[in-house]
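Okay, here's what each chain looks like letter by letter:
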Amino acid sequence: AQRVTQPEKLLSVFKGAPVELKCNYSYSGSPELFWYVQYSRQRLQLLLRHISRESIKGFTADLNKGETSFHLKKPFAQEEDSAMYYCALPGKAAGNKLTFGGGTRVLVKP
Amino acid sequence: NAGVTQTPKFRVLKTGQSMTLLCAQDMNHEYMYWYRQDPGMGLRLIHYSVGEGTTAKGEVPDGYNVSRLKKQNFLLGLESAAPSQTSVYFCATAPRARGDYGYTFGSGTRLTVV
């Protein structure tokens, strides 16, 4: 069965330091992967998807099929990056269902 | 343009009581979902719908029922609330387009069952 694992529940970094959120998955085939973010008092929203290979708000994520990982990285964290981050993996059946990881809370200290 | 609206935003229930959560969307999306969010467990899919009049079970459907009588509304019902259903409930929508996983989320309903 497909699964998404985010091993860190909390990441605390200082402003300007690099931050890396780990995401590992199990999936047979070629997956698409996504990162969603929930800022304080805001709705969950899509941050980025691997297929677009884009950088959003300074974040990038590379799909590593050999290690079955999709880690989210930012070289210089900002205080506004403090949020809850979820890695997500689509299912194979119809309906565009997503399986989410357990989430990582990022706290960027001044 | 409201997007996805969930009502109520907060609710406290006693064990055994029933309630219905409403998700309303004005985005003309075909797909709608109900997730619950619990610390350390992320979001888990309860039920979903791929169109008006259709519903299907997700990962954790027990204790919940849903209905999608109108395309724009997706209702989540708890017939007999239990403390284990204390959670934050999120509704999300997505267009039918294959591979479009850009969900639009509601603001959530915080439910406490005592």
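Residues numbered from 1 in each chain as written. Chains lettered and ligands numbered in written order. Predicted model: local features only at pLDDT ≥ 70, side-chain atom pairs only at ≥ 80, totals over all residues. Heavy atoms only, no water.

Some remarks on the environment of Ser18(B)
Residue and element names in this part refer to chain B.
Then, in step 1: Examined against the element boundaries, serine 18 turns out to sit in the loop between strand 2 (10–13) and strand 3 (19–25).
Then, in step 2: Serine 18 gets classed as partly exposed once you look at its relative accessible area, which sits at 46%.
Then, in step 3: In the structure, serine 18 is positioned 34 residues away from glutamate 52 in sequence and 24 Å away in space, judged by C-alpha atoms. (Helix = DSSP H or I, 4+ residues; strand = E, 2+ residues; numbered from the N terminus. Buried < 20%, exposed > 50% of the residue type's maximum accessible area, 1.4 Å probe, protein only.)

With respect to the interface of chain A and chain B
Then, in step 1: Counting residues at the interface gives 20 residues for chain A, matched by 25 residues for chain B.
Then, in step 2: Carbon and sulfur atoms supply 54% of the area that chain A and chain B bury against each other, a total of about 1,800 Å² over both sides.
Then, in step 3: It is Arg43(A), Leu44(A) and Asn96(A) that lose the most area in chain A upon contact with chain B, and together they represent 34% of the buried surface on that side.
Then, in step 4: Linking chain A with chain B are 0 salt bridges, by the criterion used here.
Then, in step 5: Our enumeration of links across chain A and chain B arrives at 11 residue pairs in polar contact (both at pLDDT 80 or more).
Then, in step 6: Take the side of chain A that touches chain B: its biggest share by element is 3 residues, from strand 5 (residues 34–38) of chain A. (Contact = heavy atoms within 4.5 Å. Buried area = accessible area lost by both parts, 1.4 Å probe. Salt bridge = Lys/Arg side-chain N within 4 Å of Asp/Glu carboxyl O. Polar contact = N/O pair within 3.5 Å; in protein donor to acceptor, adjacent residues only side chain to side chain.)

Side note on the packing of aromatic side chains
Then, in step 1: Under the defined criterion, the tally for this structure stands at 14 aromatic pairs over all chains.
Then, in step 2: Put simply, the rings of Tyr36(A), Tyr86(A), Phe100(A), Tyr33(B), Tyr35(B), Tyr48(B), Phe90(B), Tyr103(B) and Phe105(B) pair up and form one aromatic cluster.
Then, in step 3: The ring centre of Phe14(A) lies 4.5 Å from the NZ or CZ of Lys109(A), which sits over that ring. (Phe/Tyr/Trp six-rings, centres within 6.5 Å; stacked < 30°, edge-to-face > 60°. Lys NZ or Arg CZ within 6 Å of the ring centre and 35° of its normal.)

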